[in-house]
Amino acid sequence: MARLDHGRNGRADVAVARSSCRAGRGARAGGQRALLLLELVAFLVAGGGAMAQSPMQGLDSLPGARPIMRPDTDPYPFDAYQSIKTYMRDNLPQGWWAPDPFLQDGVFSVKVFVPDSWNGNPSGAMLRLCPPPDSHLWRRLKAIDLYPFYRHATWPYVTCRP
């Protein structure tokens, strides 16, 4: 612990101490500014805000993400999501609807909403919705699961195969 001399020149010592504190604050503030500037430069050089948008951390790394398509190796890439969506849109009976297909356990799946006014077994109706064996879908897909949703409940699913 430092001890101030309160002798005859006490006021001068206090004045010197005050001026050195002000200089110290200025030096600290300048040092803090320099440190902040250095941290900012390091942040920007390291990729700062762009890290979240880097191609290594895109949606492709999430479970259930769409497979990567490379148009440079295949000029006509097969988009399974779009193909299944188009097939379902073209083949669903009037009043039935299906949201976008999803990938579940390596198999493309579609939830099919059956209107409450329809009568019958919705799981049996899913069999009629399966693509025919000569469909273009079977060139790239091995199976499609159809999940009927009828009268506020999910019914047993049907797996379509070529």
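Participant: So what's going on with the overall build of the chain? Which residues, and what values?
Facilitator: What the chain contains, in helices and strands, is 3 helices and 4 strands. Ordered by position in the sequence, the α and β elements of the chain form the string α-α-β-β-α-β-β. Per-residue burial for the chain yields a buried fraction of 23% across its 162 residues. The contacts in the chain between residues at least 6 apart in sequence include a share of 48% that link residues at least 24 apart.

Participant: Describe the pattern of salt bridges, with residues and values.
Facilitator: Evaluation of the coordinates by the stated rule reveals 2 salt bridges. We note a salt bridge from Asp100 to Lys85, for which the minimum N-O separation is 3.0 Å. Pair noted here: Asp100 is in the loop between helix H2 (80-91) and strand S1 (102-104) and Lys85 is in helix H2, with a separation of 15 residues, a long-range link. With relative accessibility at 42%, the residue Asp100 sits in the partly exposed group. Lys85 gets classed as partly exposed once you look at its relative accessible area, which sits at 38%. Arg89 serves as the salt-bridge partner of Asp90, at 3.5 Å between the closest nitrogen and oxygen. Among the residues examined, Asp90 registers a relative accessible area of 53% and is labelled exposed. On the basis of relative accessibility, which here comes to 58%, the residue Arg89 falls in the exposed class.

Participant: Can you tell me about the environment of Pro148, naming the residues and giving the values?
Facilitator: With respect to the helices and strands, the residue Pro148 is situated in strand S3 (residues 144-150). Sequence spacing of Pro148 and Gly124 is 24 residues, and the spatial spacing of their C-alpha atoms is 9.6 Å. Leave out the neighbours within four places in its chain, and Pro148 touches Val112, Pro122, Ser123, Met126, Ala153, Thr154, Trp155, Pro156 and Tyr157.

Participant: Could you give me a rundown of unusual backbone geometry, with the residues and numbers involved?
Facilitator: One non-glycine residue, Asp105, lies in the positive phi region at around 55°. Turning to its location among the elements, Asp105 is positioned in the loop between S1 and strand S2 (107-114). The exposure class assigned to Asp105 is exposed, which follows from its relative accessible area of 77%. The residue His152 is not glycine, and still its phi comes out positive at about 65°. By secondary structure assignment, the location of His152 is in the loop between S3 and strand S4 (158-160). Assessed through its relative accessible area of 71%, His152 is described here as exposed.

Participant: Any details on the packing of aromatic side chains? Residues and values, ideally.
Facilitator: Taken as a whole, this structure holds 8 aromatic pairs when the rule is applied. Relative to Phe108, the ring of Tyr81 has its centre 5.1 Å away and its plane inclined at 85°; by these criteria the two rings are edge-to-face. With Tyr81 in helix H2 and Phe108 in strand S2, this residue pair connects regions lying 27 residues apart in the sequence. Classification of Tyr81 by relative accessible area gives buried; the value is 7%. Between the aromatic rings of Tyr150 and Trp155, the centroid separation amounts to 5.8 Å while the plane-to-plane angle is 55°, which identifies the pairing as tilted. Residue classification places Tyr150 among the buried residues on the basis of a relative accessible area of 4%. Connected via pairs of aromatic rings, a cluster forms that spans Trp96, Trp118, Tyr150 and Trp155.

Conventions we followed
Residues numbered from 1 in each chain as written. Predicted model: local features only at pLDDT ≥ 70, side-chain atom pairs only at ≥ 80, totals over all residues. Heavy atoms only, no water. Helix = DSSP H or I, 4+ residues; strand = E, 2+ residues; numbered from the N terminus. Buried < 20%, exposed > 50% of the residue type's maximum accessible area, 1.4 Å probe, protein only. Contact = heavy atoms within 4.5 Å. Salt bridge = Lys/Arg side-chain N within 4 Å of Asp/Glu carboxyl O. Phe/Tyr/Trp six-rings, centres within 6.5 Å; stacked < 30°, edge-to-face > 60°.

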